[in-house]
Amino acid sequence: MPDNVVRYRSMTELLTDRAAVVTGAASGIGRAVAREFAAHGADVVCADVRESPREGGEPTHELVASETDREAAFVDCDVTDYDDVERAVAAADAFGGIDVMVNNAGVVGPQTPVVDLDVDAYRDLVAVNLDGVVHGSKAAALRMVEGGGSIVNVSSIAGITGYGGLAPYSASKGGVTLFSYALAAELGPDGVRVNVVHPGVIETAMTTDDYALVGTDEGEDLKASIPLRRFGRPAEVAGVCTFLASDLAGFVTAESVVVDGGSLNSR
Ligand SMILES: NC(=O)c1ccc[n+]([C@@H]2O[C@H](COP(=O)([O-])OP(=O)(O)OC[C@H]3O[C@@H](n4cnc5c(N)ncnc54)[C@H](O)[C@@H]3O)[C@@H](O)[C@H]2O)c1
């Protein structure tokens, strides 16, 4: 799996002395975010229902500790359970208290027309993708209103436009988008910024296994329609998350950044 995290290593100190919590940090995009944040100076709590990456390799918190001089910890956390998320946020107290929250954990869920939809599967999807973001945002906000902070919520290009066959996923990701804008209005006066990242197709286990596009004929057709003519890498989403988490984005809140190789706006 492509991985260009290392080339940035130790280039900047954008997040020095910050403590970050990343949900879904075991695999894919969350794993890249945790690594990128640590490379820029942050200590990181890796919160996930699993410790080992879906794509293989050593657990993210161990990798971060071995490739940087930052601290990292794993917290067994199901984002559908508020108490679990609260424990993950509290774990950042060991690193001086949370400064950055990345609500990234997500699943693609049912890929059927709505008329065939299993409503229980739909509810399970929303519990992870939307409830999880609400849980993480609340737990982080409770602490950040005391001293400021940055919340980055991972939506999707499917949280901006509708894709047939992915209506439940689009609903959950659209919810993430507008929840984030509303939260930004509430937390801005306390110095807390809230922004949204919208990946296009990124090469992770989600797009090789769950919603198989990478390496399929359908995926190749799709790739040919993307202006940059390729799928994205987890590190390329992580770079945008790093910018939004850092003081470089100090006047940016209630904003969306699309990371999709140009596909959404250039069809
Ligand atoms: N890969 C893409 O093309 C793509 C595109 C748009 C948006 N996204 C979004 O990016 C985020 C990360 O996706 P990814 O591609 O890295 O997927 P992934 O499957 O590689 O990784 C997701 C991680 O989230 C964890 N997770 C799942 N349910 C959880 C739960 N209930 N509590 C805690 N952790 C849980 C998984 O264990 C896994 O480690 C998701 O929100 C996804 O919807 C991905």
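To be clear, the structure that these remarks concern was listed above.
Note on numbering: residues in each chain are counted from 1, in written sequence order. Predicted model: local features are reported for residues with pLDDT of at least 70 only, side-chain atom pairs are reported and counted for 80 or more only, and whole-chain, interface and lining totals are derived from all residues.

**Overview of the site of the ligand**
Then, number 1: As a rule, any residue with its backbone-derived C-beta atom within 6 Å of a molecule or strand is reported as near that molecule or strand. Close contacts around the ligand come from 29 residues, with Gly24, Ser27, Gly28, Gly106 and Thr204 the closest.
Then, number 2: Helix and strand assignments come from DSSP, with helices taken as H or I runs of at least 4 residues and strands as E runs of at least 2, each series counted from the N terminus. Secondary-structure elements contributing two or more residues to the shell around the ligand are helix H1 (28-39) and helix H6 (205-210).
Then, number 3: Any residue outside Ala, Val, Leu, Ile, Met, Phe, Trp, Tyr, Cys, Pro, Asp, Glu, Lys and Arg is labelled polar, Gly included; the first ten of those are nonpolar and the last four are charged. Split by residue class, the shell around the ligand holds 14 nonpolar, eleven polar and four charged.

**Description of the pairing of strand E1 (residues 19-23)**
Then, number 1: Residues with at least 20 neighbouring C-beta atoms inside 10 Å of their own are called buried, those with 12 or fewer are called exposed, and the rest are partly exposed, where every C-beta is derived from the backbone. The element E1 is largely enclosed, with a buried count of five among its five residues.
Then, number 2: On E1, burial covers both faces: Ala19, Val21 and Thr23 on one face and Ala20 and Val22 on the other are all buried.
Then, number 3: Pairing geometry for E1 and strand E2 (residues 43-48), over five bridges, is parallel. Residue pairing for E2: Ala19 is matched across the bridge by Asp43.
Then, number 4: Seen with its strands pointing away from the viewer, a crossover is right-handed when the path leading from the first strand over the helix to the second is clockwise. Viewed along the sheet, the connection from E1 through H1 into E2 turns out right-handed.
Then, number 5: Note: E1 against strand E4 (residues 100-103), three bridges, orientation parallel. When the bridges of E4 are listed, Val21 appears paired with Met101. Two strands qualify as a pair provided that DSSP identifies no fewer than 2 bridges between them.

**Points about the packing of H1 against helix H2 (residues 60-67)**
Then, number 1: Orientation of H1 relative to H2, taken along the N-to-C sense of each, is 25 degrees, at an axis distance of 10 Å. Compared by their axis directions, H1 and H2 come out roughly parallel. By crossing handedness, the relation of H1 to H2 is classed as right-handed. Touching Arg31, Ala34, Arg35 and Ala38 of H1 are Thr60, Leu63 and Val64, all from H2. Note on method: axes are straight lines fitted to C-alpha atoms, helices fitted across the in-contact stretch only, with angles between N-to-C directions ranging 0 to 180 degrees. Roughly parallel means an angle under 35 degrees; roughly antiparallel, over 145; roughly perpendicular, 65 to 115; everything else is oblique. Definitions for this section: a left-handed crossing has its near helix turned counterclockwise from the far helix by less than a right angle. A right-handed crossing has that turn clockwise. Each residue gets a C-beta atom placed from its backbone, and two residues are in contact if those atoms lie within 7 Å.

**Some words on the sheet that holds strand E5 (residues 149-154)**
Strands belonging to one sheet form pairs held by backbone hydrogen bonds; the direction of such a pair is parallel or antiparallel.
Then, number 1: Read across the sheet, seven strands follow the order E3-E2-E1-E4-E5-E6-E7 without closing on themselves; strand pairing throughout is parallel. Of all the strands in the sheet, the pair left with one neighbour each is strand E3 (72-76) and strand E7 (255-259). Going from strand to strand, the sheet's axes swing by 20 degrees on average, the running direction of each strand aside.
Then, number 2: Contacting E2 and E3, H2 runs over the sheet at an angle of about 175 degrees to E3.
Then, number 3: Relative to E3, helix H3 (residues 82-91) is tilted by about 165 degrees, and along the sheet it contacts E1, E2 and E3.

**Regarding the environment of Asp81**
Then, number 1: If you trace the backbone, Asp81 turns up in the loop between E3 and H3.
Then, number 2: A count of 15 C-beta atoms within 10 Å places Asp81 in the partly exposed class.
Then, number 3: Along the primary structure Asp81 and Val128 are separated by 47 residues, whereas in three dimensions their C-alpha atoms are 9.2 Å apart.

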